[in-house]
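Survey of secondary and tertiary structure
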Amino acid sequence: MAYKRFTDRLPIIPADAEEHNVTCHYCIVGCGYKAYTWPLNRQGGTAPNHNKFGVDLSEQQYQDAEAWYSPSMYNVVKKDGEDVHLVIKPDGDCVVNSGLGSIRGARMAENRRSDVLGTQQQRLTDPLVWRYGTWQPTSWDDALDLVARVTARFIDADDEDQLYVSMFDHGGSAGGYENTWGTGKLYFGSMKVKNCRIHNRPAYNSEVHSSRDMGVAELNYAYEDYTLTDTIMIVGANPLECQTNLFLNHMVPGMRGGAKVVIVDPRRTVTVRACEEAAGAENVLHLQPNSGTDLALFNAILTHVADQGWLDSDFIAASTIQNAVEVAQSEAYPAALGSFEAALDAIRISTAEAAEITGVPEADIVKAAEWYAQPHDDGARRKAVIAYEKGIIWGNDNYRTVGALVNLGLACGNIGREGGGVCRLGGHQEGYYRPSEAHIGRPAPYFDQLLINGGGAVHHIWACDHYKTTLNASRFKRAYNRRTNMVKEAMDNAIGATRTELVDAIEGAIRAGGLFSVNVDIIHTQIGQAAHVVLPAVESGEMNLTSMNGERRLRLVEKYMDGPGQAMPDCLIAARLANHLERVLTEDGRTAYAAQFTGYDWETEEDAFMDGYNSGNPEVTYDRLRAMGNNGVQEPVIGYEEGQLVGTPRLYADGVFTRHGREDGKALFCHAAWRGLQAPGKAQQKANHRFLINNGRSNLNWQNWFLDQDNDFVMDRWSVPFLQINPEDAAELGVGNGDLVEVFNTDGATQAMVYLEPTARRNETFMLFGAPSGTQGNVINAGTNALILPNYKQTWADIRKIADASPAARRQSFKSWEVEL
């Protein structure tokens, strides 16, 4: 991408430019933006009646002015086949961001494909099929016919276990209610595929099973609760970095209004420093537990709260189960669930014992309990909101650790009330709407291990790149390359073959241990390099797309540009594949099975939306969402009155808990006793290797860098993923800023760039997750938590120098993030 560094002027948006509602698709916060398009040979003027904003543009416009936009917010794209100007800028009227733009969202325009300005030329434009030793462009019918014929060889109406599927379960860029319905209807409706996995974990499961089993949906508050609360507890999350405008537009006002802050994170992040600036250092408590010991910490806080009598006894009596054990511990339930008293007996741990386990001073554990639950001087209950994310979701003993946090919220009556909530902060937006996946079972199959061990014949991949975002990645990639190469060789040898002969050759290679891979994505990914068929999808803005953010705010992103080439929405790709499977199965005489693939006569993504989400939520239509603008409506939608959809600001305000599906409406407590490191192999890895290799996001990048790889603005800052390391540790290793190091253990190896950070604790490092040129997953072992939840966070390895800093690295800044303000 040619980044527009030297742009010194931008076209003026004319008064009659088309305006489109847009929700940023990069993170769960879901900031509101406006997209403006108009013909390439026109622009507006400085007079108020000649520009979209009705202001005098001959006067200086400052960055908080409605009429201001930057080069990163501009591009030239295709719309209805014609080149048009595009500006995507923050929407000042959206309550989510109030006009703020993150470094990700404010680059949406420049991260669009442009044949005029040359941006994002790596986008897939045509279906590709492996032929003659490479990927050849072809038609949709040709590509999908091959996919359908090979797939049909290995599935039957009562046995679809040889079809493996990887697919997103989220909203935003590659998901949304349209696309999750399309893929869900195909694999869980027309079929009952059980060997499947989600984009960021090696099984088809929830990251918050315990919260849901307890009756509590993980997104239960409103963002305004941060401004209404007395205490904000942030656990295993870095919201300034990863949910930027949620932090700036909601958390910071809450702090400035008097809220205290408790942060649980072994690493001192930019969020910690920012909270100290906003709330005052005396109102911020940073707890830095030993990696993987959060559960003991939370249990000690609740024990102290209970011993001090700070519980909400009325809430516990009215809204929670009274039976000691309502759900027994089993393979499907890694901890028993029942009454508060029984749970307290199970989890009881003193603050002194927890201090020994976690390394957190006992006085700080007591202070955290006080800040969370100690009533005010007038006896009023303290309001507190807990925000948690990957630090514990992808950490040790997921089920019990998440359950322990929900225990705390329930015990203090802080779920369902203003200023309360126990919510995950999230990565993507949400947009899950699919038929039941109950046939998969619980625990779900460990997809990665099955595939490594030779399972599966055909693999359909939807917007996932496991080469960058899975555990045990080194072994996974070796197995995947070996098996898919067997099929490539068979295809290469089928010179001049008819379609039937080609499919026969592919089948023969599969039965010898090979794997046929179909990859649906917007770019040619790393795992896509192993694929035999690559199918081009569009993303948000290139289609109409609905999804909800972290406070369940549902919006419609309106299509404002064409997708590249032949690319189409995932839901329509799924529908076309269903059409081809119906035809191929009918040709084979399998008419009864073919009949399962009917009902996909969708022409647009709106057809898929109406077939799926609207069927369960009949009040919600595109037209009604369009009228709600970027403020949308908070789910669940409960009606339509006076031209407005009526939503639900926060869940469980009535004290009735339903996420577990029980008719009694009572929440359950989790018997979340501390039991040490749980994922197999973690204790041994810790004992055998020196450094903790913690991992996470950076503000500049998002997810797996899928579009950032061809954005000079990003790659000039981080040419390769950094590894933050304590300067004393670096001196012992003989490395300095920018040097390239190998991170290695008995499970694999990867590469990173040294970044000295004085706030890093000794023997504890931090590496970017999901990077294309240094996959942290290479050194994560195969061990998972109960219910096949990945433990990405507890990883240990050794470090050695590979090379001195490159010329590109020497140009980068390595200033400490702990800057003086």
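Residues numbered from 1 in each chain as written. Predicted model: local features only at pLDDT ≥ 70, side-chain atom pairs only at ≥ 80, totals over all residues. Heavy atoms only, no water.

- The name recorded for the protein in an unreviewed UniProt entry is Arsenate reductase (Azurin) large subunit, from Psychromarinibacter sediminicola.

**Describing the nonpolar core**
- If you look at the biggest cluster of nonpolar residues, it comprises 197 residues, and the most contacted ones within it are Leu-146, Leu-186, Tyr-187, Met-251, Leu-410 and Phe-516.
- With ten residues, the top contributor of residues to this core is helix H18 (residues 570-587).
- Those residues in contact with Met-251, other than ones at most four positions away along the chain, are Tyr-226, Ile-232, Ile-234, Pro-239, Leu-246, Ala-387 and Leu-425. (Core = buried A, V, L, I, M, F, W, Y, C linked by side-chain atoms within 4.5 Å. Buried < 20%, exposed > 50% of the residue type's maximum accessible area, 1.4 Å probe, protein only. Helix = DSSP H or I, 4+ residues; strand = E, 2+ residues; numbered from the N terminus. Contact = heavy atoms within 4.5 Å.)

**Comments concerning the pairing of strand E9 (residues 231-235)**
- Across the five residues that make up E9, a large majority, five, are buried.
- The side-chain alternation of E9 yields two buried faces, one formed by Thr-231, Met-233 and Val-235 and the other by Ile-232 and Ile-234.
- One ladder, built from five bridges, connects E9 with strand E10 (residues 260-264); its direction is parallel. Bridging across to E10, Met-233 finds its partner in Val-262.
- Here E9 runs beside strand E13 (residues 384-388); their pairing, made up of five bridges, is parallel. Along E13, the bridge assignment pairs Val-235 with Tyr-388. (Pairing = 2+ DSSP bridges.)

**So, the packing of aromatic side chains**
- Per the stated rule, a full pass over the model turns up 28 aromatic pairs.
- Where Tyr-36 meets Phe-53, the ring centres are 5.9 Å apart and the plane angle is 75°; that geometry is what we call edge-to-face. Here Tyr-36, found in strand E2 (residues 32-39), pairs with Phe-53, found in the loop between E2 and strand E3 (74-79); they are 17 residues apart in sequence, far enough to count as distant.
- Taking the relative accessible area as the measure of exposure, Phe-53 reaches 12% and is therefore buried.
- Between the aromatic rings of Tyr-221 and Tyr-223, the centroid separation amounts to 6.2 Å while the plane-to-plane angle is 75°, which identifies the pairing as edge-to-face. Judged on exposure class, the residue Tyr-221 and its partner Tyr-223 are both buried.
- An aromatic cluster of at least three residues, connected via ring pairs, comprises Tyr-177, Trp-181, Tyr-433, Phe-609, Tyr-613 and Tyr-622.
- Positioned above the aromatic ring of Trp-394, the side-chain terminus of Lys-390 is 5.0 Å from the ring centre. (Phe/Tyr/Trp six-rings, centres within 6.5 Å; stacked < 30°, edge-to-face > 60°. Lys NZ or Arg CZ within 6 Å of the ring centre and 35° of its normal.)

**Some remarks on the layout of surface pockets**
- Estimates place the volume of the second largest pocket at around 550 Å³.
- Lining the second largest pocket are 24 residues, and of these Ala-65, Lys-89, Pro-90, Gly-92 and Gly-99 lie nearest its centre.
- Residues belonging to the lining of the second largest pocket are distributed by class as follows: nine nonpolar, seven polar and eight charged. (1 Å grid on protein atoms, 1.4 Å probe; cavity = no way out; pocket = protein on both sides within 12 Å on 5 of 7 lines; lining within 4 Å. Points joined across faces, edges and corners; volume = space filled by probe spheres on them. Nonpolar A, V, L, I, M, F, W, Y, C, P; charged D, E, K, R; others polar.)

**Points about the pattern of salt bridges**
- Under the counting rule described, the total for this entry stands at 55 salt bridges.
- A salt bridge links Arg-690 to Glu-732, with the shortest nitrogen-to-oxygen separation between them at 2.8 Å. Pair noted here: Arg-690 is in the loop between helix H23 (682-688) and strand E24 (691-696) and Glu-732 is in helix H25 (residues 727-733), with a separation of 42 residues, a long-range link.
- On the basis of relative accessible area, Arg-690 is assigned to the partly exposed category, the value being 32%. (Salt bridge = Lys/Arg side-chain N within 4 Å of Asp/Glu carboxyl O.)

**Here's the deal with the sheet that holds strand E14 (residues 422-424)**
- Taken in spatial order, the five strands make up an open sheet running E11-E10-E9-E13-E14, and their pairing is parallel. Of all the strands in the sheet, just strand E11 (284-287) and E14 have a single pairing partner and so form its edges. On average, adjacent strands in this sheet sit at an angle of 15° to one another, irrespective of strand direction.
- Sheet contacts for helix H12 (residues 362-373): E9, E10, E11 and E13; angle to E11, the most-contacted strand, approximately 130°. (Axes fitted to C-alpha atoms, helices over the stretch in contact; angles between N-to-C directions.)

**Describing helix H14 (residues 398-411)**
- Taking 1.5 Å per residue, 14 residues should reach 20 Å; H14 reaches 20 Å between its end C-alpha atoms and fits that length.
- The buried fraction of H14 amounts to 14 of the 14 residues, a majority that puts the element mostly inside the structure.
- Two residues or fewer after H14 comes Gly-413, characterised by a positive phi angle close to 65°. (Expected span 1.5 Å × (residues − 1).)

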